[in-house]
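Residues per chain are reported as follows:
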Amino acid sequence: MTATAPAPRPGTVPVDLAGPQPVLDVVIPVYNEEADLEPCIRRLHAHLAEHVSYPYRITVADNASTDATLQVAERLAREFPEVAVHHLDEKGRGRALNAVWRASDAAVLAYMDVDLSTDLAALGPLVAPLLSGHSDLAIGSRLARGARVVRGPKREFISRCYNLILRSTLAAKFSDAQCGFKAIRADVAHELLPHVVDTGWFFDTELLVLAQRAGLRIHEVPVDWVDDPDSSVNIVKTATEDLKGIARVTKATFTGEIPISKLREQLGRQPIGVDAPGVPPRLVTQLVRFAAIGVSSTLAYLVLFLVLRTVVGAQAANFASLLVTAIGNTALNRRLTFGIRGRTGAGRHQFEGLIVFGLGLALTSGALALLNGSTTPGLVLEITVLVLANLAATVLRFLLLRGWVFNPRRQAAAQKEF
């Protein structure tokens, strides 16, 4: 009896470009964009007509607009057979993308912002690896090497801080979570989207984190990007919602609410076949990785401290900044420095990591108390003392993580018990 070959994993089979249904569906989510929508659609349609040889669709996802946006979209749909309109009664970019992508019959799903801040020349490189089966998702990156970006220092600072926080707290490996220029294989999207909860701006980040942890390949394309000075995005509100999203995803991962193991088994790409001995990283390797994570954590800590110090006292800012970065630091060191994967023991590791955090807090808080008790320091002196105290706390943290929290003997015993 001949064994049946297993079905190919979603995302790996090249897309048939000759089929009757659209190969690419580009979604433009809009809310009250009656002025910008028409020039966007005309420019995008002209680009696709000239550069794309397979069937495509442009879908305008109207997020409960209260102006004439829907009427403009419907008029364009009557003019261009390739343009479709999807109206939603509720606002939310994530809600719109989730709904339209799940209903689409195209093989590759993409979206871009209505202001077309990203040069459309990047659309071909964005979609190509998905068509071939090389990658599962593709994102435009304003922070990747080769990208050319024009925007103010405020938005540049916020963007880099946000992505640094993602790396520290969620171990994100992608460089730019919020660039409005992304694409995904439809067969992969249909498996991931039911697990993406956010309906707003954090949708992108949540989808990417879920894809990364499920073992999917994310392709990055450096883009040319010009900031839209008339953007209506509320930066403070968006940042607050993003931080709430980070906390929710972190909790859902540790509690098992998001079935990462199941998704990885179903969607994850297989190892490339290099059979290496199953031994933990050597001390030198651990030190290098720990140092790299420590630098990222310290930078994230300083950014958070500087932001919080403007609204609360030094001790409160120090506590909150250390707590956030300590959680991310423990998670990153668990996986990258000490090579521990899976959920077994993750809760215990985080608890013990918080104990290590408490020792670091005592060290840095003691340094602050001693400084403020002996003089009236300025912000520069405060930061200098904190950096030195954090260096001492870092050495202590490595010794405790290696010798106690992630001790190989304790890990082996825990695996046997499990």
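Everything below is about the structure shown above.
Keep in mind that what you see is a predicted model, and the values were worked out from it rather than measured.

Visitor: Could you give an account of the side chain of Ser 117, naming the residues involved and the relevant values?
Guide: Checked against the element boundaries, Ser 117 lands in the loop between strand 4 (108–112) and helix 4 (123–132). Only 3.0 Å separates the side chain of Ser 117 from the side chain of Asp 115, close enough to count as a polar contact. Apart from the residues lying within four places of it in its own chain, the contact partners of Ser 117 are Asp 224, Trp 225, Val 226 and Asp 228.

Visitor: Describe in detail the pairing of strand 4, supporting the description with residues and values.
Guide: Consecutive side chains along a regular strand alternate between the two faces of the sheet. Burial of strand 4 is extensive: five of the five residues sit out of reach of the surface. Residues of strand 4 alternate between two faces, with Val 108, Ala 110 and Met 112 on one and Leu 109 and Tyr 111 on the opposite face, all of them buried. Two strands pair when backbone bridges link them, and strand 1 (residues 24–30) and strand 4 are joined in this way by four bridges, in the parallel orientation. Its bridge partner being in strand 4, Val 26 is matched across the sheet by Ala 110. Relative to strand 7 (residues 181–185), strand 4 is paired through five bridges, and the arrangement is antiparallel. Paired with Leu 109 across the strands is Ile 184, a residue of strand 7.

Visitor: Describe the sheet that holds strand 5 (residues 137–141), and please don't skip the residues or the numbers.
Guide: Remark on secondary structure: sheet strands pair via backbone hydrogen bonds, oriented parallel or antiparallel. The seven strands are arranged 3-2-1-4-7-5-8 in an open sheet whose pairing can be described as mixed. Strand pairing shows two members of the sheet lacking a second neighbour, strand 3 (83–88) and strand 8 (218–222), which therefore form its edges. Geometrically, the sheet is characterised by an average inter-axis angle of 20 degrees between neighbouring strands, direction not taken into account. In this structure, strand 5 lies alongside strand 8, joined through five bridges in parallel fashion. Looking across to strand 8, one finds that Leu 137 is bridged to Ile 218.

What counts as what
Residues numbered from 1 in each chain as written. Predicted model: local features only at pLDDT ≥ 70, side-chain atom pairs only at ≥ 80, totals over all residues. Heavy atoms only, no water. Helix = DSSP H or I, 4+ residues; strand = E, 2+ residues; numbered from the N terminus. Polar contact = N/O pair within 3.5 Å; in protein donor to acceptor, adjacent residues only side chain to side chain. Contact = heavy atoms within 4.5 Å. Buried < 20%, exposed > 50% of the residue type's maximum accessible area, 1.4 Å probe, protein only. Pairing = 2+ DSSP bridges. Axes fitted to C-alpha atoms, helices over the stretch in contact; angles between N-to-C directions.

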